[in-house]
Amino acid sequence: MTPASGFARMWASVAAVLAVMLAIAVASDFEPTATAPASAAPAAPALNVTLTEFAVEPAELTVAAGAPFEVRVTNEGTIPHDFVITGVGATPLLQAGESAVLAVEALEPGAYEILCAEAGHESAGMHAVLQVSADPQGGVESGTGGHAGAHMTPEEMAAQHEALGGFPAATDGVGNQPLAPEIADDGAKVFELTADEIAWETEPGVVHDAMAFNGQIPGPRIDIDLGDHVRVVVRNELSVPTALHLHGVLLPNEMDGVPGVTQPSIMPGETFTYEFVARNSGSHMYHSHFDSANQVPGGLLGAFIIHGPDEPAVDHDYVMVLNDGPLGYTLNGKSFPGTSPLVVKQGETVRVRYMNEGLQVHPMHLHGVAQEIIAEDGYPLAAPLTQDNILVAPGDRVDVIVEASEPGTWAWHCHILSHAEGPDGMFGMVTAMVVE
């Protein structure tokens, strides 16, 4: 290769590099005049909804007809819930803390029912309404929701708490009353339970449609002794079928009270007799086993106690039935301030039999004293356990011993705080032990 050809090749390469650099420089300063892309479609308006036990907040939603929208749903409760707009759509079942977005196409004007479809939740209060306005400018509103306390002054909130709602406040009806048996010719103890629809006042002025045994919630307390021959005669005066299950009691299979498994349903107007010999002592329960997610929290429940020879000596033997659902959060069928305090004297010993007939777990906390667990589900503990909070799951029975050592009025409540207290005061699963 000659020197001339080498220089020619070198200058050709330099020229190519310069051309590329010039192209890049020109491109960086060039502003194209291409047509701008079409604007993105505006986001659908959104409603924000929270689910709790047992409420849909806000209770009224408003949207304009003719336009799609979204509902952003959050489960702020402690158990699973879903969100259903009847005839329109639903979220999946949301666990505690989960959220979902329900996209809804344009709807016709009118009112649409909203509910939680889990058994018993709608009747417990989880319902709302969606108002679809014929006015296209009606906009989207989620309402205010929340507790009444959110609209109070600090002074008003304090007054609500300190008034304690006139606790204990009088209400109609008393549940959990002892039921004396009839003694049959063969020596059997015979207890008659009639299931019927009633109106039940849980707190002053709050009356629910309910179901009850012998007109009381909880139903009558039944006490028998180990070895007793027992007949429980159930008469159904409801408008729907029912049955009776003696929860925790050792029974012949045909006496277990499960329609379709051990017996036919007890139809309206019919009677069924459960007969057995008491073989296991302890704290037990009785309740419906037909449509039980509605009938049990709706009131068809009671305490069934089989006393044995080795029970500890106490001054008071007290049953506390926990429930939640259509009647709200209740202790022995009442909500604060309609609950009744347990009144004892200083130095006395109390056996408390916690029984959870509800849909949720309830940790029961008694201020001022410790609680010694002596039995669970009717079976004595080999080593008693002392705790402040007593966790009682649905279907559980937990027996504790309490020494009333400190005088005063001691708060007693479920420690899931949304079951007991809000900014507008105490409610629901709250009572007191008064030590005189």
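Small disclaimer: the values here were computed from a predicted structure and weren't measured. (Residues numbered from 1 in each chain as written. Predicted model: local features only at pLDDT ≥ 70, side-chain atom pairs only at ≥ 80, totals over all residues. Heavy atoms only, no water.)

Side note on the packing of aromatic side chains
Next, step 1: Applying the stated criterion across every chain yields a total of six aromatic pairs.
Next, step 2: Each ring, one from Phe272 and one from Tyr274, has its centre 4.7 Å from the other, and the planes form 50°; the classification is tilted. By the burial criterion, Phe272 is buried, and Tyr274 matches it.
Next, step 3: Measuring from ring centre to ring centre gives 5.9 Å for Tyr318 and Trp412, while their planes differ by 40°; the resulting arrangement is tilted. With a gap of 94 residues between them, Tyr318 in strand S19 (residues 316–323) and Trp412 in strand S28 (residues 408–414) connect regions that are remote in the sequence. Both residues of the pair, Tyr318 and Trp412, count as buried.
Next, step 4: The positively charged end of Lys334 is found above the aromatic ring belonging to Trp200, 4.3 Å away from the centroid. (Phe/Tyr/Trp six-rings, centres within 6.5 Å; stacked < 30°, edge-to-face > 60°. Buried < 20%, exposed > 50% of the residue type's maximum accessible area, 1.4 Å probe, protein only. Helix = DSSP H or I, 4+ residues; strand = E, 2+ residues; numbered from the N terminus. Lys NZ or Arg CZ within 6 Å of the ring centre and 35° of its normal.)

Description of the side chain of Gln263
Next, step 1: Within the fold, Gln263 resides in the loop between strand S15 (245–247) and strand S16 (271–277).
Next, step 2: In terms of polar contacts, Gln263 uses its side chain to reach the side chain of Tyr274, at 2.8 Å.
Next, step 3: Ignoring anything within four residues of it in the chain, the contact list for Gln263 reads Ala243, Gly257, Val258, Phe272 and Tyr274. (Polar contact = N/O pair within 3.5 Å; in protein donor to acceptor, adjacent residues only side chain to side chain. Contact = heavy atoms within 4.5 Å.)

Let's talk about the sheet that holds S15
The strands making up a sheet associate through backbone hydrogen bonding, with each pair oriented either parallel or antiparallel.
Next, step 1: Pairing is mixed across the open sheet formed by four strands, whose spatial order is S13-S18-S17-S15. In the strand order of this sheet, the two ends are held by strand S13 (222–225) and S15, each with one partner. Between one strand axis and the next, the sheet turns through 25° on average, direction left out of account.
Next, step 2: Where S13 lies against strand S18 (residues 301–307), four bridges are found, and the strand directions are parallel. Bridging across to S18, Ile222 finds its partner in Phe304. (Pairing = 2+ DSSP bridges. Axes fitted to C-alpha atoms, helices over the stretch in contact; angles between N-to-C directions.)

Scope: geometric values only; no functional claims are made or implied.
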